[in-house]
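Observations on the three-dimensional arrangement
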Amino acid sequence: MDKKEIRRIAQHTFANQQSNEDSWYGSAISFHEGAEILWQHTDSIRRGLLVVLMNAALSIELLLKAIIVAKGGVAPQNHELLDLARDADIAFSKSQKATLELLGEVLKWSGRYPVPNTEKAWDHYYGHVFERHVIREREGNIGRVRANPETFPSVKNYEALWNFAIRKWDEIHSQRARD
């Protein structure tokens, strides 16, 4: 008997794992815990914020996919957090959606590569997505740029997203327990 047959008998197949909400959820929890630990050490990690945001973004992606699977759906093969939130039926606020959009960009490229894979993607990110997360102020000839506290993926904003999605996860499982 070959290894694939043994996995089939043990029900450890691609199809079973892909539709296993607890597997998606367990991975989400692991990356969430990793992000929490990394937040405490961003100053000592090269490109620390991006490393943290990559883990945070991945944890949200995995949690949203766990929710989709728990609701009987199939986890999409993409990293579009706004689409995943819609598929998970989570009504994030406008500012939370903006945070998800930036985290989605982190998932696509900035957590892994120094630049997007095309100049068009670079222009989209810096001209459209990133620009919505900074506040530019000017007093005379002095300019200041700072992160928008409402939308930039800070610890506070990330935890708000995470907690909002976890409540959805808990609702699904509470409903099942009642049924």
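All values reported here derive from a predicted model rather than from experimental measurement.

What counts, and at which threshold
Once a new chain begins, its residue numbering starts again from 1 and follows that chain's sequence as written. Selection of residues for local features in this predicted model requires a pLDDT of at least 70, selection of side-chain atom pairs for listing and counting requires 80 or more, and totals for whole chains, interfaces and linings are taken over all residues. Working from all heavy atoms in the structure, the side-chain values ignore hydrogens and water. Think of a patch as exposed residues, more than 30% relative accessible area, with no salt bridge, where like charges cluster within 9 Å and nonpolar side chains (Val, Leu, Ile, Met, Phe, Trp, Tyr) cluster within 5 Å. All accessible-area figures derive from a Shrake-Rupley calculation using a 1.4 Å probe, and residue coverage is judged against the displayed protein chains alone. The term salt bridge refers to a side-chain nitrogen of Lys or Arg lying within 4 Å of a carboxyl oxygen of Asp or Glu. Counting from the N terminus, the helices are the DSSP runs of H or I reaching at least four residues and the strands are the DSSP runs of E reaching at least two. Summary of the burial criterion: residues with accessible area below 20% of their type's maximum are buried, those above 50% are exposed, and those between are partly exposed, where the area comes from a 1.4 Å probe applied to protein chains only. Every residue is assigned a pLDDT by the predictor, reflecting its confidence on a scale from 0 to 100. The span one expects for a helix is its residue count, reduced by one, times 1.5 Å. Two residues qualify as a contact provided that any one of their heavy atoms is within 4.5 Å of a heavy atom in the partner residue. Among the buried residues, those of types Ala, Val, Leu, Ile, Met, Phe, Trp, Tyr and Cys that are joined through side-chain atoms within 4.5 Å form a nonpolar core.

With that out of the way, let us pick up a nonpolar patch on the surface. Among the surface-exposed residues, M1, I6 and I9 lie close enough to one another that they form a single nonpolar patch of about 350 Å² accessible area. Tracing the chain through its elements places M1 in the segment before α1 (3–9). The exposure class of M1 is exposed, given its relative accessible area of 73%.

For the rest of this paragraph, the subject is the confidence of the model for the protein chain. Detail in the predicted coordinates should be disregarded across regions flagged by low pLDDT. Per-residue pLDDT for the protein chain averages 91, and the proportion of residues at 70 or more is 100%. The least confident element of the protein chain, judged by mean pLDDT, is helix α2 (residues 14–18) at 79; the most confident is helix α5 (residues 81–87) at 96.

We now examine helix α8 (residues 155–178). In this model, α8 (24 residues) spans 34 Å end to end at C-alpha, consistent with the 34 Å of a helix rising 1.5 Å per residue. Along α8, the positions that sit buried rather than exposed are N157, Y158, E159, L161, W162, A165, I166, K168, W169 and I172. Those residues of α8 that are buried are in contact with α3 (21–39), α4 (48–70) and α6 (94–110).

Here we come to the environment of G143. Structurally, the position occupied by G143 is in strand β2 (residues 142–147). In contact with G143, other than residues within four places in its own chain, are E137 and R138.

Okay, the nonpolar core next. Grouped together as the largest cluster of nonpolar side chains are 38 residues, with contacts concentrated most on I60, L63, L64, I67, L81 and F92. When residues of this core are traced back to their parent elements, those giving at least two are α3, α4, α5, α6 and α8. For I67, the residues in contact, after removing those within four places along its chain, are A88, I90, A165, K168, W169 and I172. Judged by nonpolar contacts, the second largest core, of five residues, contains L102, W109, V129 and F152.

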